[in-house]
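What the coordinates show
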Amino acid sequence: MADISVLHGVELFAGLDEGLLGGIMAELREARYRRGDVLFSEGDEPTDLYVVVSGRIAIANKSIDGRESVVALMESGDLFGEMGLFDGGGRSAEARALETSLVYVIPYSPIQQLFRDHPTLLWRVVEMLARRLRAMDEALADSVFLDVTGRTAKRLLELAGLVGASRERVNKAIASFIRLGWIEQIDRRYVITNRQQMEIRAR
């Protein structure tokens, strides 16, 4: 049975009582995914949004030649797949499970009904979108004003926080990859030289 407290932890639904969330809870369903499972692909018609209960979901874009860029990492309490709720456009990216994950899948219809019945709740959407625009502005500024070394340094600091380790421990992990010959340090840049082994180690 779905836990309503999970929705209370999501910015779009925080603070809403059980009465307001009743229609959503009635249509919500649980979905479990294994590592590598695709929740939706870029261009798919959107019908639901998702809330991560446990696990990690990567949101990624792919280039024509097959290269992939992960644009967001969704973890417990994160919501994604909501853009189609407002513009009806196709999925802008692929969502893929990075590990065993439990996700709440919520159809758009009860959410749209909630906003029709209580239009002032749309301010929550405005606030959520404003925060995301700020994050996009920061990422764009990084790409313009920071060189590769600067962007790498910033991401490594974020990585240290993400994996729950100090910068020193992350640096030790990188040093071990260099010793194994999986990556090389060229000047102040890192180059993956054995992607297969890195992927095996990441499983």
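Residues numbered from 1 in each chain as written. Predicted model: local features only at pLDDT ≥ 70, side-chain atom pairs only at ≥ 80, totals over all residues. Heavy atoms only, no water.

A complete count under the given rule lists four aromatic pairs for this structure. On the basis of an interplanar angle of 45° and a centroid distance of 5.5 Å, the ring pair of Phe40 and Tyr50 is categorised as tilted. Here Tyr50 lies in strand β3 (residues 48-54) and Phe40 lies in strand β2 (residues 38-40), a separation of 10 residues in the sequence. Grouping residues by exposure puts Phe40 and Tyr50 together as buried. In textbook terms, an aromatic cluster arises when at least three aromatic residues are bridged by ring pairs, as seen for Phe40, Tyr50 and Phe80. (Phe/Tyr/Trp six-rings, centres within 6.5 Å; stacked < 30°, edge-to-face > 60°. Helix = DSSP H or I, 4+ residues; strand = E, 2+ residues; numbered from the N terminus. Buried < 20%, exposed > 50% of the residue type's maximum accessible area, 1.4 Å probe, protein only.)

Take the sheet that holds strand β4 (residues 57-62) next. Taken together, the four strands give an open sheet; going across it, the order is β2-β7-β4-β5, and neighbouring strands pair in antiparallel fashion. For this open sheet the edge positions go to β2 and β5 (68-74), each flanked by a neighbour on one side alone. Here the strands of the sheet are splayed against their neighbours by 30° on average, with no regard to which way each runs. Relative to strand β7 (residues 94-97), β2 runs antiparallel, the two being bridged by two bridges. In the sheet register, Val38 faces β7, and the bridge partner there is Arg96. (Pairing = 2+ DSSP bridges. Axes fitted to C-alpha atoms, helices over the stretch in contact; angles between N-to-C directions.)

Let's shift gears to the pattern of salt bridges. Tallying each qualifying case throughout the model produces four salt bridges. Between Arg56 and Glu99 there is a salt bridge, with its nearest N and O atoms 3.1 Å apart. On the criterion of sequence distance, the pair formed by Arg56 in the loop between β3 and β4 and Glu99 in the loop between β7 and β8 (101-107) is long-range, its members being 43 residues apart. The exposure class of Glu99 is partly exposed, given its relative accessible area of 32%. (Salt bridge = Lys/Arg side-chain N within 4 Å of Asp/Glu carboxyl O.)

The values reported here are purely geometric and, on their own, carry no functional implication.
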